[in-house]
Amino acid sequence: THVHTMLLHHPSRRPVLASLLAAAATGPFSLPAPPASAAASELSIKEVNKRLGAIPVVAVVNEQDSPYFTSSEGATQVGYFFLDPTDALRELRAVQGDNPSARLKLTTLSEVYFPLVQGDATALGGVLRLRPSRRQIVEANRALQFNSPEGTLLPVSLSEAKGQVPLFYSERVALSTADGAATRYPFYLRKEDLDRDFSRLAAEGALQGGAVVAGDAALRSNSARRAARRAEREGGGGAAAVSGIPAGLTRVATLDGIVAQMRSGEVDLKDALLVPSPDALRAAQQLVAEGGGAAAAAAPR
């Protein structure tokens, strides 16, 4: 079948900001309390883009730098900007079967989020979505299901095909700026990076709210209580040996939801920090080079 294309830098039409998922009220999507004045906490698109500019994305494009629509939902064409470079490479190989000149293009999330991902599908000729890796979706769904209240009827799962990008965070994890003068609250695109910082802060005794102990109720879901009690009987209480963040302390939001909160000011996220994978940019640059692609290191707008 013919693969449709479109211009990568199509002008923005009507930004559409999605709210947090309906499951936000169940707990895993909890965020800081609303500020006294929402207007004081609103971030402009330019300010949001400063945060998005650190996140690399990769698209499969033609010779005119037009990304391919490679899927469809009914009559709507769907294309993707990939957060995992290996997923982009897999898509490239599939597209090259009919389009040998297809290649990878590296850009930043700030270049595509508002004008394209949140753009007018009619004007764009289809829907363009971000596509997280399947591994991160599995990690997010595991945390959501672990923390889901017993008997809840709300769906607690995300889908990479629908462009639902999970962000991992915890009330226990905060990072200081290099000069120690300010605190930032990180939202990680990879669960492994939250694990890393949680373990480091635990070892340094710098977790928010104090050390993690084996009897901490936050470590348990309803289905894990018996196992936790058995472990306590066998090993006693006290400080837990920390290797990554426990599921009960892992929170999951969506990128769309966080951006919506940044724009509305309903939640004060001025000190929020989006943490990309430290390996993603290197991998993307390597794959683009090997695949004959082009890198577009655009500055945040």
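Residues numbered from 1 in each chain as written. Predicted model: local features only at pLDDT ≥ 70, side-chain atom pairs only at ≥ 80, totals over all residues. Heavy atoms only, no water.

## Topic: the pairing of strand 9 (residues 251-254)
Neither face of strand 9 is exposed, since Arg251 and Ala253 on one face and Val252 and Thr254 on the opposite face are all buried. Bridge analysis of strand 6 (residues 166-169) against strand 9 gives four bridges, and the strand direction is antiparallel. Across the sheet, Tyr169 pairs through a bridge with Arg251, a residue of strand 9. (Buried < 20%, exposed > 50% of the residue type's maximum accessible area, 1.4 Å probe, protein only. Helix = DSSP H or I, 4+ residues; strand = E, 2+ residues; numbered from the N terminus. Pairing = 2+ DSSP bridges.)

## Some points on the environment of Glu160
Along the polypeptide, Glu160 turns up in the loop between helix 6 (134-147) and strand 6. On the accessibility criterion, Glu160 (13% relative accessible area) is buried. When the C-alpha positions of Glu160 and Arg129 are compared, they lie 9.4 Å apart, and in sequence the two are 31 residues distant. Looking at Glu160, its side chain comes within polar contact range of the side chain of Arg134, at 3.0 Å. (Polar contact = N/O pair within 3.5 Å; in protein donor to acceptor, adjacent residues only side chain to side chain.)

## As for the confidence of the model for the protein chain
Of all residues in the protein chain, 71% attain a pLDDT of 70 or more, and the chain-wide mean is 78. Helix 8 (residues 225-235) is the least confidently modelled element of the protein chain, averaging 47 in pLDDT, while strand 5 (residues 127-131) averages 97, the highest of any element. Ignoring residues within four places in sequence, the model shows residues 217-232, a span with pLDDT below 50, making 21 contacts including any to other chains. Taken as a whole, residues 235-241 scores under 50 in pLDDT and shows ten contacts with residues more than four places along the chain or in a different chain. (pLDDT = per-residue confidence, 0-100. Contact = heavy atoms within 4.5 Å.)

## Observations regarding the packing of aromatic side chains
Summed over all chains, the structure comprises three aromatic pairs. Between the aromatic rings of Tyr80 and Phe82, the centroid separation amounts to 6.2 Å while the plane-to-plane angle is 45 degrees, which identifies the pairing as tilted. Take Tyr80 and Phe82: they sit in the same class, and that class is buried. Relative to Phe187, the ring of Tyr169 lies with its centre 4.8 Å away and its plane at 45 degrees, an arrangement referred to as tilted. Of this pair, Tyr169 sits in strand 6 while Phe187 sits in strand 8 (residues 183-188), and the two are 18 residues apart along the sequence. You'll find Tyr169 and Phe187 in the same group, each marked buried. Note that Arg131 overlies the ring of Tyr80, its terminal NZ or CZ placed 4.7 Å from the centroid. (Phe/Tyr/Trp six-rings, centres within 6.5 Å; stacked < 30°, edge-to-face > 60°. Lys NZ or Arg CZ within 6 Å of the ring centre and 35° of its normal.)

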